[in-house]
Amino acid sequence: MTHRLVLGRLLALLEPLRVLDAFCCIGGATTGYRRAFGNCHITGVDIQAQPDYPGDAFHQGDAIEYIRAHGHEYDFIHASPPCQGEGAPTKGTNRARNAAIGRTYPRLIAPTRAALEATGRPFVMENVPGSEVRKDLRLCGEQFGLAVLMHRYFELGGWTAPQPAHPKHRGYVRGWRHGVYRDGPYVAAYGEGGGKATVDEIRAAKGIDWSTDHLRLREALPPAYTQWIGAAFLASLAPALGVAA
């Protein structure tokens, strides 16, 4: 049986799948899961208003508190805690420097994990290299033919998926580095100036066409990442449902 037929039979059994996208931002993850799951209902939660959010419902509030109160009501949960307090640039001497100037960032991975695990539901938690998420999956834009690299790690709770091959990068990320300008097949979808990507370039590179918010576009996951994860999750259910892979 082909992979497409497997997914079709699984969807017939599961729909409508109730999905929670915590720390949803503009919904890059939401869009990918919708493409993978089909007829599902996706709720986004974020501490900030997200007028461009493309899901079925949106709740503005603390994502961890929402998971604690309502996570058990969903069939599948995705969480992308803000990375400012987690990645390598905020650790060690950089963290001390930030504290000295009064700039502090919350550490949200541990409390998010605890809230997710307490739900008893299958989940995905995503963050940047250097963070404390478990490195069950590593995804990169090159795996999906995107013009952005954006390496991200994914911790899987209650299910597993194989690590896809990581193709060799085809060249440089375009822009200035240490006073040298390099051209390349990828855009720098972070920061501003120095050859960093424009709004239109980020939209094209990530496959996000429903927002023009530069900051949120920079932060958003490419939908291709979670479309792959959603399909892998459905495939992981095949043995339990008696469907041939």
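Residues numbered from 1 in each chain as written. Predicted model: local features only at pLDDT ≥ 70, side-chain atom pairs only at ≥ 80, totals over all residues. Heavy atoms only, no water.

(A) How the structure looks around the overall build of the protein. Counting secondary structure elements, the protein contains eight helices and nine strands. A total of 245 residues make up the protein; the buried ones form 46% of that total. In the protein, once contacts between residues fewer than 6 apart in sequence are set aside, the share between residues at least 24 apart is 57%. As displayed, the protein has an accessible area near 11700 Å², and 55% of this comes from carbon and sulfur atoms. (Helix = DSSP H or I, 4+ residues; strand = E, 2+ residues; numbered from the N terminus. Buried < 20%, exposed > 50% of the residue type's maximum accessible area, 1.4 Å probe, protein only. Contact = heavy atoms within 4.5 Å. Areas by Shrake-Rupley, 256 points an atom, 1.4 Å probe, with all protein chains shown as cover.)

(B) Looking closely at helix α6 (residues 199–206). Those residues of α6 lying buried are I202, A205 and K206. Along the long axis of α6, the arc covered by the buried residues comes to 85°, so they all point the same way. Looking at α6, the residues exposed on the side facing more than 90 degrees away from the buried face are D200 and A204. G207 sits one or two residues past α6 and shows a positive phi near 75°. (Arc of directions from axis to C-beta.)

(C) Representation of the sheet that holds strand β5 (residues 123–127). Spatially, seven strands are ordered β3-β2-β1-β4-β5-β7-β6 in an open sheet, and the strand pairing comes out mixed. In the strand order of this sheet, the two ends are held by β3 (57–60) and β6 (137–139), each with one partner. Each neighbouring strand pair of the sheet contributes to a mean axis angle of 20°, computed without reference to strand direction. Against the sheet, helix α2 (residues 28–37) touches β1 (17–22), β2 (40–46), β4 (76–79) and β5, its axis set at about 170° to β2. Against the sheet, helix α3 (residues 63–70) engages β1, β2 and β3, with an angle of about 150° to β1. (Pairing = 2+ DSSP bridges. Axes fitted to C-alpha atoms, helices over the stretch in contact; angles between N-to-C directions.)

(D) Quick peek at the pattern of salt bridges. Under the criterion given, the structure shown has twelve salt bridges. For the salt bridge of E65 with R68, the shortest nitrogen-to-oxygen distance reads 2.5 Å. One end of the pair is E65 and the other is R68, both in helix α3 and three residues apart, which spans about a single turn. You can call E65 partly exposed: its relative accessible area is 43%. Through salt bridges that share partners, R113, R134, D136 and E155 make up one connected network. (Salt bridge = Lys/Arg side-chain N within 4 Å of Asp/Glu carboxyl O.)

(E) Local environment of the packing of aromatic side chains. One pass over the structure, following the stated rule, counts twelve aromatic pairs. Ring plane angle 15° and centroid distance 5.7 Å describe the contact between Y33 and F37, whose orientation is recorded as stacked. Of this pair, Y33 and F37 both sit in helix α2, separated by four residues, roughly a single helical turn. A relative accessible area of 1% means that F37 is categorised as buried. What links up through ring pairs into an aromatic cluster is the set Y33, F37, F76, W159 and F233. Directly above the aromatic system of Y153 lies the positively charged group of K135, at a separation of 5.4 Å from the ring centroid. (Phe/Tyr/Trp six-rings, centres within 6.5 Å; stacked < 30°, edge-to-face > 60°. Lys NZ or Arg CZ within 6 Å of the ring centre and 35° of its normal.)

(F) The arrangement of the pairing of strand β7 (residues 152–157) in detail. The element β7 is extensively covered by neighbouring structure, given that six of its six residues are classed as buried. By the bridge criterion, five bridges tie β5 to β7 in an arrangement that is antiparallel. Counterpart to N127 in the pairing with β7 is Y153. For β6 and β7, the ladder comprises three bridges, and the chain directions are antiparallel. Bridging across to β7, R138 finds its partner in Y153.

(G) Just the environment of Y33, in detail. The buried category is assigned to Y33, whose relative accessible area is 1%. In this structure, the C-alpha to C-alpha distance between Y33 and G230, residues 197 residues apart in sequence, is 5.5 Å. Sequence-distant contacts of Y33, defined by excluding residues within four places in its chain, comprise G38, C40, I42, F76, H78, V124, T226, Q227, I229 and G230.

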